[in-house]
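# Working through the structure, step by step
Chain by chain, the residues:
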Amino acid sequence: MALLRPLLFALMVLGLLPVALGTHNRAGEIIICQVSGFTYEATIITHTKLSAPADRPELVLDWGDGSPLDTVARTTIENFPGQDLRRSTYVATHLYTGPGVFTLQFDDQNRNGGVINVPNSIAQSFCVKTQLVISPITGGNCSVRFLNSPIQNACINRLWIHNPVAVDPDGDSLSFQPAVCLGLNCAPIAGYSYPGPNYSINPTTGTITWNAPTLAGEYNIAFIVREWRRVNGEWRNVGWVTRDMQVTVIACSNNPPVIAALEDTCVTAGTFLSFQVQASDPDAGQQVTLNALGQPFEVASSPAVFNSPTPAQSVTGTFNWGTNCSHVRLQPYQVVFSARDNDQVQLYDYRTMNITVVAPAPLDPSATPIGDAIQLNWSQSICSNATGYRIYRRSGLYGFTPDNCETGVPGYTGYVQVGTTNGLGSTSFLDNNGLIIGNQYCYMVVATFADGAQSYASVEFCAVLDRQVPVITHVSVGETDATTGIDTVRWSNAYALDTIARPGPYQFKLYRGNGLTTANTLLWTSSIHPFLAHPDTSYLDTDLNTRDQPHVYRVELYGAGGNELIGSSSPASSVFISTLPNDEQITVQWTLNTPWNNSLYEVYRDIAGTWTLIGTSTSDSFTETGLENGTTYCYLVRSTGAYSDPDIVAPLINFSQEVCGSPVDLTPPCAPTVSIDNDCEVPLNTLTWNNPNNSCADDTELYHVYYADSLNAPFVLIATLTSADDTVFTHANGSSVSGCYQVTAVDSVGNESAFVTAVCGDNCPEYTLPNVFTPNGDGQNDLFGPFLPYRGVLEIDLQIFNRWGQVVFRSNDPDIDWKGTYLESDQPVPDGVYYYVCNVTFGRLTGPQFKLLQGYVHILGSGASNNVN
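Residues numbered from 1 in each chain as written. Predicted model: local features only at pLDDT ≥ 70, side-chain atom pairs only at ≥ 80, totals over all residues. Heavy atoms only, no water.

## What to know about the overall build of the protein
Here is the rule we go by: The helix count covers DSSP runs of H or I at least four residues long, the strand count covers runs of E at least two residues long, and both are numbered beginning at the N terminus. Throughout, the radius of gyration refers to the C-alpha atoms, and the reference size of a globule is 2.2 Å times the residue count to the power 0.38. Only protein chains enter the accessibility calculation, which uses a 1.4 Å probe. A residue is then buried if its area is under 20% of the maximum for its type, exposed if over 50%, and partly exposed in between. Here the Shrake-Rupley method, with its probe set to 1.4 Å, supplies the accessible areas, and only the displayed protein chains count as covering residues. His residues and chain termini do not enter the charge count, which takes Lys and Arg as positive and Asp and Glu as negative. By convention, charge coordinates are those of NZ in Lys, CZ in Arg, CG in Asp, or CD in Glu.
Across its full length, the protein carries one helix and 59 strands. Expected size for 869 residues packed as a compact globule is a radius of gyration near 29 Å; at 43 Å, the protein overshoots this value by more than 25%. Judged by the C-alpha coordinates and their principal axes, the protein covers about 125 × 100 × 60 Å. Each of the 869 residues in the protein was classed as buried or not, and the buried ones make up 49%. A total of about 38,200 Å² of accessible surface is found on the protein, and carbon and sulfur atoms cover 50% of it. Taking the average location of the 37 positive side-chain charges in the protein and that of its 78 negative ones, the two points are 12 Å from each other.

## Some thoughts on the sheet that holds strand E13 (residues 199–201)
Worth spelling out the cut-off: Pairs of strands are assigned from DSSP output, requiring at least two bridges between the strands. An axis is simply a line fitted to the C-alpha atoms; with a helix, the fit covers only the stretch in contact. Between two such axes, the angle follows the N-to-C directions and lies from 0 to 180 degrees.
With respect to topology, three strands assemble into an open sheet ordered E10-E14-E13, the strand pairing being antiparallel. The open sheet has two edge strands, strand E10 (160–162) and E13, and neither has a second partner. Within this sheet the neighbouring strands show an average axis-to-axis angle of 10 degrees, counted without direction. Pairing between E13 and strand E14 (residues 208–210): three bridges, direction antiparallel. Along E14, the bridge assignment pairs tyrosine 199 with tryptophan 210.

## A short note on the pattern of salt bridges
Here is the rule we go by: The term salt bridge refers to a side-chain nitrogen of Lys or Arg lying within 4 Å of a carboxyl oxygen of Asp or Glu.
Following the criterion strictly, the structure yields 19 salt bridges and no others. Among the ionic pairs, glutamate 234 bridges to arginine 236, the shortest N-O distance being 3.6 Å. The network of salt bridges with shared partners includes Lys49, Asp84 and Glu218.

## Description of the nonpolar core
The test is simple: Take the buried residues of types Ala, Val, Leu, Ile, Met, Phe, Trp, Tyr and Cys, join any two whose side-chain atoms come within 4.5 Å, and each joined set is a nonpolar core. Every residue pair with non-hydrogen atoms within 4.5 Å of one another is taken to be in contact.
Phe319, Phe337, Ile355, Ile374, Leu376 and Tyr443 are the most contacted members of the largest nonpolar core, which has 71 residues in total. Leave out the neighbours within four places in its chain, and leucine 376 touches Ser366, Ala367, Ile391, Thr427, Ser428, Phe429, Tyr443 and Phe461. By size, the runner-up hydrophobic cluster in this structure holds 29 residues, among which are Ala154, Ile156, Tyr192 and Ile224.

## Digging into unusual backbone geometry
Residues asparagine 211 and alanine 212 are joined by a peptide bond in cis, for which omega reads 5 degrees. Here alanine 650 and proline 651 are connected by a cis peptide whose omega angle stands at 0 degrees. Relative to the elements of secondary structure, proline 651 occurs in the loop between strand E45 (633–642) and strand E46 (652–655). Despite not being glycine, aspartate 84 has its phi angle at roughly 50 degrees, a positive value. Residue classification places aspartate 84 among the partly exposed residues on the basis of a relative accessible area of 22%.

## A short note on the sheet that holds strand E28 (residues 416–422)
In spatial order, the strands read E28-E27-E30-E31; together these four strands make up an open sheet with antiparallel pairing. The open sheet has two free edges, formed respectively by E28 and strand E31 (461–464), since each of these has just one partner strand. For this sheet, the mean angle separating the axes of adjacent strands, direction not counted, is 25 degrees. As defined by bridge partners, strand E30 (residues 440–448) adjoins E31 across four bridges and the pair is classed as antiparallel. When the bridges of E31 are listed, cysteine 442 appears paired with cysteine 462.

## So, the environment of asparagine 776
Where we set the bar: For this analysis, a polar contact is any N or O atom pair within 3.5 Å, provided that within protein one partner can donate a hydrogen and the other can accept it, and provided that sequence-adjacent residues contribute only side-chain to side-chain pairs.
You can see asparagine 776 is positioned in the loop between strand E55 (772–773) and strand E56 (793–801). Between the alpha carbons of asparagine 776 and lysine 819 there is a distance of 9.3 Å; along the sequence they are 43 residues apart. When near neighbours in sequence (up to four residues on either side) are disregarded, asparagine 776 contacts Asp782 and Gly861. Within the structure, the side chain of asparagine 776 is placed 3.2 Å from the backbone nitrogen of aspartate 778, a separation counted as a polar contact.

## Describing the environment of glutamine 849
For glutamine 849, the position within the fold is in strand E59 (residues 849–859). The spatial distance from the C-alpha of glutamine 849 to the C-alpha of leucine 794 is 9.6 Å, given a sequence separation of 55 residues. Residue contacts for glutamine 849: discarding those within four places in its chain leaves Pro765, Val840, Thr841, Phe842 and Arg844.

## Details of the state of the cysteines
For clarity, the threshold we go by: Criterion for a disulfide: a pair of cysteine sulfur atoms at a distance within 2.5 Å.
Enumeration over the complete set of coordinates arrives at ten disulfides. There is a disulfide in this structure between cysteine 740 and cysteine 760, and the S-S distance comes to 2.0 Å. Disulfide cysteine 740-cysteine 760: the torsion about the S-S bond is 105 degrees, which places it as right-handed. Here the residue cysteine 740 occupies a position in strand E53 (residues 739–747), and cysteine 760 occupies one in strand E54 (residues 759–761), the gap between them amounting to 20 residues. Residue class for cysteine 760 comes out partly exposed when judged on its relative accessible area of 30%. Residue cysteine 181 stays outside any disulfide, its sulfur separated by 11 Å from that of cysteine 127, the closest cysteine. With no disulfide partner, cysteine 838 has as its closest neighbouring cysteine sulfur the one in cysteine 764, 19 Å distant.

## A short note on the packing of aromatic side chains
The condition is simple: Only centres within 6.5 Å qualify two rings of Phe, Tyr or Trp (six-membered ring in Trp) as a pair; their planes then separate them into stacked at under 30 degrees, edge-to-face at over 60, and tilted for everything else. Only when the NZ atom of a Lys or the CZ atom of an Arg is both within 6 Å of the ring centre and within 35 degrees of the ring normal do we say a charge sits over the ring.
Counted under the stated rule, the structure contains 37 aromatic pairs. Ring plane angle 20 degrees and centroid distance 5.8 Å describe the contact between tyrosine 194 and tyrosine 199, whose orientation is recorded as stacked. Note on tyrosine 194: relative accessible area 35%, which makes it partly exposed. In this structure tyrosine 199 comes out as buried when scored by relative accessible area, which is 11%. Both rings, one in phenylalanine 319 and one in phenylalanine 337, keep their centres 6.4 Å apart while their planes meet at 75 degrees; by these two values the pair is edge-to-face. Here the residue phenylalanine 319 occupies a position in strand E22 (residues 314–322), and phenylalanine 337 occupies one in strand E23 (residues 333–340), the gap between them amounting to 18 residues. No difference in accessibility class separates phenylalanine 319 from phenylalanine 337, as the two residues are buried. Joined through ring pairs, the aromatic side chains of Phe773, Phe784, Phe809, Trp818, Tyr834 and Tyr836 make up one cluster. The ring of tyrosine 333 is capped by arginine 329, whose NZ or CZ atom sits 3.8 Å from the centre of that ring. Geometry around tyrosine 558 places lysine 509 over its ring, the cationic atom sitting 4.5 Å from the centre.

## Brief notes about the pairing of strand E2 (residues 39–49)
Counting buried residues in E2 gives nine out of eleven residues, a clear majority hidden from the surface. With ten bridges connecting them, strand E1 (residues 25–36) and E2 associate as antiparallel partners. When the bridges of E2 are listed, serine 36 appears paired with threonine 39. Taking the residues that link successive antiparallel strands as the turn, the E1-E2 hairpin has two residues, and the phi of glycine 37 there is positive, at about 55 degrees. With eleven bridges joining them, E2 and strand E5 (residues 85–95) adopt antiparallel strand pairing. Pairing of histidine 47 across the sheet is with arginine 87, part of E5.

## What about the pairing of E5?
Taken together, the six bridges between strand E4 (residues 70–80) and E5 define a ladder with antiparallel strand orientation. Counted as the bridge partner of arginine 74 is tyrosine 90 from E5. From the end of E4 to the start of E5, which pair antiparallel, there are four residues, and aspartate 84 there has a positive phi angle of about 50 degrees.

## Thoughts on the side chain of glutamine 109
Within the element layout of this structure, glutamine 109 appears in the loop between strand E6 (100–108) and strand E7 (126–134). One polar contact links glutamine 109 to asparagine 110, side chain to side chain, over a distance of 3.2 Å.

## Considering the side chain of threonine 207
Among the secondary structure elements, threonine 207 is positioned in the loop between E13 and E14. Only 2.9 Å separates the side chain of threonine 207 from the side chain of asparagine 163, close enough to count as a polar contact.

## Topic: the confidence of the model for the protein
Quick note on the threshold: Predictor confidence is given residue by residue as pLDDT, running from a minimum of 0 to a maximum of 100.
Summarising the model, the protein shows a mean pLDDT of 92, and 97% of its residues fall at 70 or more. Counting interchain partners and residues more than four positions distant, the pLDDT-below-50 stretch residues 1–21 has 22 contacts.

Shown next, in the form of structure tokens:
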């Protein structure tokens, strides 16, 4: 028997057994699932005609790894006489040798006869494929499987809707795409066509629509379901399954029922989700049966329940699901609701709904300052399958309340991830990275899960570092000059310092640096004061170059009579501005480095000796328009900010230096819109374009025309048109009109518009030589040259030989104009037949094109002796 099985299969494949023995396959798929390690179990599911004489107690499976074909015995049979249908399953296991991508397939003779969109279906084999990806990166996999039957009915001229209800046991994301039905050797069936022009499959939900069948009969359709898994932030394909299914179209007047729209939702694990689903039928007397399928009903722990109503023309069912932490995952659960009428040909409507189960937020968070760090603590997640936590921070409270499906911490809140912990019980974190005294720091924590899912965010919880060092509050430019500039610096004392542990007397040291970041040059040392409330908390810094550079400051606090360094403030710089001139406008831009947050910048301009507010900004620049080119305008900026510690004085107001600039026209006109009339027969290219002064400019003075003789050649300037109204240009490169053009507009100060998409033309090459000419001086046909007009010729290389093979004439001029004389003299050659070889180079848009011309030319009436020809 072991030898007979492969032989039987081979005979079937070769078509040596009667076709009638195998005309039965209607639908099928292969599903595969990891058992352990590299061992996988495959299940072939077939749907065949019960009335057909053919039956398959075994099928042959190709595991896709080059191993011998495997004969797989049938494990189950289900018969449905009312549908002329038999459902069979065939199960086998296989040990793969290691990671790889494997395509499983089975090929069985034959399909049932009469399938409208499968040519000669009775003689077509039936094949489906499934791809398995075994990878150490993505882990093991169980492929998608389908909860809805692949044998369906439809009505002529009525909308047909179907959903296979694809469920992935691993929670992978699914995508759907149509496929061509496969035949012998698993090749696409020649001549196969989709059922109709209005046939489609939704790539996300898998719902198939056909609007509408017009011819009764059986149709086969196939689709591929791909599985996607998110690994380290990247989506990876972990396999796919092909299903081949059959739809029987019957003449009827039934209309499908309609399910009311449903919205996707999220639910917190551990809570109860309940909602109603409504459906009705437009045809009087129809009874609607409302059901639900999907993975929530398949989960091992606390599966969902759908209370299907008693069939009626209008029905309402209730979905109930008591969720728990085992349901938490990154991908939503898809539920497919189906409404079926009770006509002789039953039609369906489907609605898909995504339900995401989200872990609850971590509870009881706290933040405690410890020196220059903040200790964070929170309670362990109630979901024991959590794998760790992410910690997010921002300066100041945001006031975040997540929406129903808003997991994690969104970026728009200004929170930035500052740390992670691993393990369910890792519920503490010490934040000691980049904290600045004087600011309030707020945090949120989320629980994470193995597949990348995140819980809802905790409530915001905040702390302020104890002020145990000085805090700079003022760095303002008082005088702008290259040598006599002035900065004013102020600071607030370390009022939270433990004076018992760090006793006085106390002293400040002020440091300065050029630029924005580093202040290490000792500038000033205060007097020694017995108490922490030292009176010297400001300094006037003079004789600076405030015109050309900013300055940055830092304050150190010393105790024990100035002998013990207690700590240093964060550096703080002045606001430094510059101007960026353009056409009738100036952009004022600024840079600074402050430990407080600046929320507003006010821009002032000197108008008739008075600094006048002209605008505000919350970014790092401001543009004033409507100015006069060549006129000088002077500016300064006032910044307003604050620390997030409410105990520090606010607002903090500081001024920049003064800076002046003059608008200058740096803006080119907009590029002209060019069109080309490529007349390759004349030959002539005619370019036309719009005058930018009529739309987007007012000072265009001239145009530059650039030309490239092929697509990959560089552009070179070939013409300048000195009037803005001159918007037509004609050009030919000799007899060639092949090439591309750019036209730029140039304004009164020389600004030139940018290159845009080139316009191009091409040649229709023509170059033909005559076979006779008469150089007898009568003015008729005295010269040998090409028939005119020739087109598209860049150059030629012509040689003319006498019958002895001697070169009597050569030329590189496309016009040739040979007078019938010898190369070295003006003496005429004798009458006779001469041979020519001419290499012609045509200009084409894709580059030079070469053509070899060879032939004979007969000279008559030259008057020369024939003894040398």
